[in-house]
Amino acid sequence: MTKGNINVSVENIFPLIKKFLYSDHEIFLRELISNATDATLKLKHLTSIGEIKTDYGQPKIEVKIDKEAKTLRIIDQGIGMTAEEVEKYINQVAFSGAEEFLEKYKDSAKDSGIIGHFGLGFYSAFMVAEKVEIVTKSYKEEPAVRWICDGSPQFTLEEATDKTDRGTEIILHIADDSTEFLEESRIRELLLKYNKFMPVPIKFGTRKETLPLPEGAAEDAKPETVEVDNIINNPTPAWTKAPSELSDADYKEFYHELYPMQFEEPLFNIHLNVDYPFNLTGILYFPKLTNGLNIEKDKIQLYQNQVYVTDEVKGIVPDFLMLLRGVIDSPDIPLNVSRSYLQADGAVKKISSYITKKVADKMVSLFNENREDYEKKWNDIKIVIEYGMISEDKFFDKSDKFALYPTTDGKYYLWSELEEKVKPMQTDKDGNFVILYATNADEQHGYIQSANDKGYEVLLLDSPIVPHLIQKLEQSKDKISFARVDADHINNLIKKEDAAISKLNETEKESLKKNIEEAVNDKKFSVQVEDLDSSEAPFLITQPEFMRRMKD
Ligand code: ADP
Ligand code: MG
C-alpha cells in the first residue's frame, strides 16, 4: 500500500477557477467594481482616521470600452497597490486583502461597507478575458507597477512609469468568445443590474445636460448644453438612510427607482434596520394588487453592502411575504451555497423570523396610526396577512391587533371587536360564538339579506385561502365556529327577542316547508321558512356546514 499527498498545484487549479468559480460569467464586472469600491472605501476610511493625510475628495470609478483595442477597463482612484501588495494580494489566489483590512482595522472599520471576503473575485476576470493587466499606484510613496497575466500561472510585474495618479486600472483584453462585453448596451445592462446602488459613483461615458438659463437672461436666449459624466448609480439609496431622514415621498420615489416599470404607488412600506445579532437593512413594500402586477419580474432584491446579489430570496424571506417588493441588504447571508443549506442555516432562519416580526409590528402601528386608511387598503393586503396568519404562528399570535374581518355591509372588525359586538347576538345554545360568513356577496345575497334581517352580522371572507384561515381560527380560539351563511347553523342561533313577527301562522309555515321540500327532493338540504317579513327570501334552503365543507 502506498500513501501520499495529492499534489494540488496552481497549474491544476487555475483553469478550474476560470471555468467553474462562477457559473454566471457576467458577474466578473460586479467583482471588479466591488474591488474598485473596496479600494475607494479603504481610502475613505484611512483618511477619516488620519492615516492618509490628503483630502478624500470625490473619487469615482470609471468603466470604459475600447472596441478597437478589444479592452474593457475599470479605473478607480482608491488606495492602489505597491509591487509588494500585488505580489501578496493578487498572486496569492484565495487570499483576501479585504478580510485582512477588516481584521487590521476591526475596531474602526466594521461599518465601512467593505465588500470582498473570499479572495477569489479578481480571478473571475479570466472568465471573459484572455489577458488581464493591472496598472496601479499606491497612496504610499512608491512607483506605480504593471502586472500582466494571460491566464496561465505565469505573470510579469514591472514598474509603470506612465501611471502618475493614485489608484488602479484593470484592463481586460476580452476573449473572442466574450465579445458581448465590448457592447455598450450589455455593459450598461450589467451596471444597472449589479451596481445601481453601489456606494461610489460609477461613470460610464458622458451625457449632454442642458443648463438652466441664468436669471435675467434674454427671452430668446438659447440654453447651453454641456457634456457631463454619466453616473449610472445612486450611491446613497433610501435603505441606507435612517427612517427619520425619509419622507413618504422619498419611499415612493425609491420604489419607482427600484422598479422603473411599475407605475402604481405602493400601499405601505416597512423599513428594516437591525445590527444585532445580525446585520440587515432594507425596505419592503406592499404593492397594490392590480392585474398588471408583475410578480415574476419585479421581485424582492437581495444586496450585500449595496452590491446586487439575486432576486431569489426564497428561504430568506418567509413565503407569505414573497408577494412584497423591495430590497434586503445583509452581509450576513451566506452566498454561493445551495438552497437547502440556506434554509437550514441558523442565521438565515433568524433573519426570516426577524422580518416576520418586523412586518407584524409595522402592521400594528399602521393600523393604529390611521385606521381609516388601513381599512381602505385591507382588500389589497389581506391575502398577504391571511397567508401569514395560517403559515407563521408568531404572526398569527400578533394578528389580533391588525387582522380585519370585514362585514358584507362594509364594516371592519378586529377580532376583539367581533367578540365584543357580534358575539352577544350570535351564540348557539352551547354558548359557542357562531360566526356567519359569506364567500361571495352576490351569489349569497339572499342568505346574507335574511341573516341581516334577523340582526346577525355576516363577514365577507372572499380570499382563496379562507378555508385554511377558518380552520386556523377554529383551532386557535375557544368556543367559536364558523358557518357559511347558507349553512343550517343559522337555525341553532338563539333568536333575538325583538325579531319581526311572521306573517304566516304555524300551520301555513309547515305546509309551505313541506311543499318546498318536495320540490327540492334532496335529503341533503333542509328548508327553513323565514319568520321575517323578508320579501326577497321568504324561505331558505340550507345544508349542514359539515357537508358543505366536505364538498369544498
Ligand atoms: P477579495 O475582494 O475577496 O478580497 P479579490 O480576489 O476580489 O478578493 O481581490 C484580492 C485582493 O486584491 C483585494 O482584497 C485587494 O487587496 C486587492 N485588489 C483587487 N482589486 C484592487 C483594486 N482595484 N485596488 C486595490 N486593491 C485591489
Ligand atoms: Mg473582491
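Only a predicted model underlies this, so the values are computations on that prediction, with no experimental measurement involved. (Residues numbered from 1 in each chain as written. Chains lettered and ligands numbered in written order. Predicted model: local features only at pLDDT ≥ 70, side-chain atom pairs only at ≥ 80, totals over all residues.)

Chemist: Help me understand the overall build of the protein in this model?
Modeler: Per the secondary structure count, the protein includes 16 helices and 20 strands. The buried share of the protein, taken over its 552 residues, is 32%. Considering only contacts in the protein between residues 6 or more positions apart, those separated by 24 or more positions represent 66%. (Helix = DSSP H or I, 4+ residues; strand = E, 2+ residues; numbered from the N terminus. Buried ≥ 20, exposed ≤ 12 C-beta atoms within 10 Å, placed from the backbone. Contact = placed C-beta atoms within 7 Å.)

Chemist: Whenever I open this one, the site of ligand 1 confuses me. Can you help?
Modeler: Taken together, 22 residues are adjacent to ligand 1, and Ala39, Ser96, Gly97, Gly116 and Gly121 come closest. Secondary structure elements with two or more residues in the shell around ligand 1: α2 (27-48), α3 (83-90) and α4 (97-104). For the shell around ligand 1, a count of residues per class yields 10 nonpolar, 10 polar and two charged. (Near = placed C-beta within 6 Å. Nonpolar A, V, L, I, M, F, W, Y, C, P; charged D, E, K, R; others polar.)

Chemist: It is not clear to me how the UniProt feature "binding site: ATP" (unreviewed entry) in the protein should be interpreted in this structure. Could you clarify?
Modeler: Sequence positions flagged by UniProt for "binding site: ATP" (unreviewed entry) are, in local numbering, Glu31, Asn35, Asp76, Met81, Ser96, Gly97, Thr168 and Arg339. Mapped onto the fold, Asn35 is located in helix α2. Residues contacting Asn35, with those up to four places away along its chain left out, are Gly116, Gly121 and Phe122. Locating Thr168 in the fold gives a position in strand β6 (residues 167-174). (UniProt positions renumbered as here; feature names shortened; annotations may be inferred.)

Chemist: Can you walk me through the nonpolar core in this structure?
Modeler: One recurring pattern in soluble globular proteins is that nonpolar side chains are buried together. Counting residues in hydrophobic clusters, the biggest one holds 114 residues, and the most contacted among them are Ala125, Leu172, Ile283, Ile328, Leu436 and Tyr437. For this core, the leading source of residues is α2, giving 10 residues. Apart from residues lying up to four places away in sequence, Ile328 is in contact with Leu272, Leu280, Gly282, Ile300, Leu302, Val313, Ile316 and Val317. (Core = buried A, V, L, I, M, F, W, Y, C linked by C-beta atoms within 7 Å.)

Chemist: So what exactly am I meant to see when it comes to the packing of helix α10 (residues 371-391) against helix α14 (residues 466-476) here?
Modeler: In a packed pair of helices, the relevant descriptors are the angle between the two axes and the axis-to-axis distance. Axis separation between α10 and α14 bottoms out at 9 Å; the angle between their running directions is 45 degrees. Our classification of the angle between α10 and α14 gives oblique. Considering only the axes of α10 and α14, their crossing is left-handed. Contact with α10, carried on its side by Glu386, Met389 and Ile390, involves His468, Leu469 and Lys472 of α14 and no other residues of that element. The residue makeup of the contact of α10 with α14, split by class, is three nonpolar, one polar and two charged. (Axes fitted to C-alpha atoms, helices over the stretch in contact; angles between N-to-C directions. Parallel < 35°, antiparallel > 145°, perpendicular 65-115°, else oblique. Left-handed = near helix turned anticlockwise from the far one by under 90°.)

Chemist: Looking at this structure, how should I read the sheet that holds strand β17 (residues 458-460)?
Modeler: For sheets, the rule is that strands pair by backbone hydrogen bonds, running either parallel or antiparallel. Pairing is parallel in the open sheet, where three strands are placed in the order β17-β16-β18. Each of the sheet's edge strands pairs with one partner strand only, and the pair in question is β17 and β18 (480-484). Across the sheet, the axes of successive neighbouring strands diverge by a mean angle of 40 degrees, strand direction being ignored. (Pairing = 2+ DSSP bridges.)

Chemist: Can you help me understand α2 in this one?
Modeler: Given 3.6 residues per helical turn, the α-helix brings residues three or four places apart onto the same face. A rise of 1.5 Å per residue sets the reference length of α2, with its 22 residues, at 32 Å; its end C-alpha atoms lie 31 Å apart and thus fit the reference within 8%. Of all the 22 residues making up α2, 19 are buried; the element is thus mostly covered by neighbouring parts of the structure. Of the residues trailing α2, Gly50 is marked for its positive phi of about 85 degrees. (Expected span 1.5 Å × (residues − 1).)

Chemist: How should unusual backbone geometry be read in this particular structure?
Modeler: It is generally the case that most residues other than glycine have a negative phi and that most peptide bonds are trans. The omega angle of the peptide bond from Tyr276 to Pro277 is 0 degrees, so this bond is cis rather than trans. In this fold, Pro277 is placed in the loop between β9 (268-274) and β10 (280-286). Notably, Asn305 is not glycine yet its phi reads approximately 50 degrees, a positive angle. In this fold, Asn305 is placed in the loop between β11 (301-304) and β12 (307-310).

Chemist: Whenever I open this one, the environment of Lys131 confuses me. Can you help?
Modeler: Turning to its location among the elements, Lys131 is positioned in strand β3 (residues 129-137). Placed 201 residues apart in sequence, Lys131 and Asp332 show a C-alpha to C-alpha distance of 34 Å.

Chemist: I'm lost on the sheet that holds strand β13 (residues 325-329) in this one. Help?
Modeler: Read across the sheet, five strands follow the order β9-β10-β13-β11-β12 without closing on themselves; strand pairing throughout is mixed. The open sheet has two edge strands, β9 and β12, and neither has a second partner. Sheet twist, expressed as the mean angle between neighbouring strand axes with direction ignored, is 20 degrees. Relative to β13, β10 is paired through five bridges, and the arrangement is antiparallel. Bridge pairing in β13 places Thr281 opposite Asp329.

Chemist: Before we go on, may I ask you to explain the pairing of β3 in this structure?
Modeler: Note on strand geometry: in a regular strand, side chains alternate between the two faces of the sheet. Examined bridge by bridge, β3 and β6 share eight bridges and lie antiparallel to one another. Bridge assignment links Ala129 to a residue of β6, and that residue is Ile174.

Chemist: I'm lost on the confidence of the model for the protein in this one. Help?
Modeler: The predicted coordinates ought not to be read in detail in places where the model reports low pLDDT. The predicted model of the protein has a mean per-residue pLDDT of 86, with 85% of residues at 70 or higher. Low pLDDT (under 50) marks residues 496-502, which in the prediction has 10 contacts with non-local residues, meaning those over four places away or in another chain. Under the prediction, the complex receives an ipTM of 0.99, its pTM being 0.82. (pLDDT = per-residue confidence, 0-100.)

Chemist: Explanation requested: the pairing of β11 in the structure shown.
Modeler: In this sheet, β13 lies alongside β11 in parallel orientation, the contact comprising three bridges. Its bridge partner lying in β13, Tyr303 is registered against Asp329. Two strands pair when backbone bridges link them, and β11 and β12 are joined in this way by three bridges, in the antiparallel orientation. Considered in β12, the bridge of Tyr303 is made with Tyr308. Linkage of β11 to β12, two consecutive antiparallel strands, is achieved through a turn of two residues, within which Asn305 is found at a positive phi near 50 degrees.

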